[in-house]
Amino acid sequence: MNTSDDEWKLKLNPEQYKVLRQCGTEPPFSGKYVNHKEDGTYVCAGCGNELFTSDTKYDSRSGWPAFWNKVSEESVTIKEDRSLGMKRIEVLCKKCGGHLGHVFEDGPQPTGLRYCINSAALDFKEKNE
Ligand code: FE
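Attention here is on the structure that accompanies the text. (Residues numbered from 1 in each chain as written. Predicted model: local features only at pLDDT ≥ 70, side-chain atom pairs only at ≥ 80, totals over all residues. Heavy atoms only, no water.)

## So, the coordination of the iron ion
Donor atoms from the polypeptide that coordinate the iron ion comprise C44 (SG), C47 (SG), C93 (SG) and C96 (SG), at 2.3 to 2.4 Å from the metal. In the primary sequence, the donor residues of the iron ion line up as C-x2-C-x45-C-x2-C. Take C44: its relative accessible area is 1%, and that puts it in the buried class. The class of C47 is buried, set by a relative accessible area of 15%. (Donors = N, O, S within 2.8 Å, 3.2 Å for Na, K, Ca; no water. Buried < 20%, exposed > 50% of the residue type's maximum accessible area, 1.4 Å probe, protein only.)

## Some thoughts on the nonpolar core
Ranked by size, the top nonpolar core spans 25 residues in total, and within it L51, F52, L100, Y115 and I117 carry the most contacts. Those elements that place two or more of their residues in this core are α2 (14-22), β1 (40-44), β2 (50-53), β6 (88-93), β7 (99-104), β8 (114-117) and β9 (122-126). Per-element accounting of this core gives the leading share, three residues, to α2. Aside from chain neighbours lying at most four places away, what touches F52 is T41, Y42, F67, N69, K70, V71, V76, Y115 and I117. (Core = buried A, V, L, I, M, F, W, Y, C linked by side-chain atoms within 4.5 Å. Helix = DSSP H or I, 4+ residues; strand = E, 2+ residues; numbered from the N terminus. Contact = heavy atoms within 4.5 Å.)

## Regarding the sheet that holds β9
As summarised here, the arrangement of the three strands in space is β2-β1-β9, forming an open sheet in which the pairing is antiparallel. Both edges of this open sheet fall to β2 and β9, since each of them pairs with a single strand only. Taken pair by pair, the neighbouring strands of this sheet meet at an average axis angle of 35°, ignoring direction. Both β1 and β2 contribute to a ladder of three bridges, which runs antiparallel. From the neighbouring strand, V43 faces β2, where its bridge partner is E50. (Pairing = 2+ DSSP bridges. Axes fitted to C-alpha atoms, helices over the stretch in contact; angles between N-to-C directions.)

## Observations regarding α2
Residues spaced three or four apart along an α-helix face the same direction, because each turn holds 3.6 residues. Those residues of α2 that fall on the buried side of the exposure criterion are Q16, Y17, V19 and L20. If you follow the buried residues of α2, they end up packed against α1 (5-11), β1 and β7. Its side-chain oxygen at 3.0 Å from the backbone nitrogen of E15, N13 defines the N-terminal cap of α2. Just downstream of α2 lies C23, where phi reads positive at about 55°. (Polar contact = N/O pair within 3.5 Å; in protein donor to acceptor, adjacent residues only side chain to side chain.)

Listed below in structure tokens is the structure:
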């Protein structure tokens, strides 16, 4: 996908734009999906790519939605992030390149991963829709 910055500004609300296109982080416990427990699929708020399912969502108590796995190899890509004096692994949407959050290795089994994702980067599709 080749969407220009101006197009993203029109397509996304300011919160989504800040996270997805400017690598922003929403304040902890502020996002709409932190305590969200419905059955369904979380998709990229920028392009609709399927990212995570409710089956892998868990309460990490960090203040952001957390998942222990991605939907598929087409969901996300990762990149080293050395901003803010830390070494972290950034998680991006594989389809549109939007910033989603970070992944850490302190998650539950079977993956041991914690995808720590901003609510603003997500939209939710209910299972029966
Ligand atoms: Fe996307």
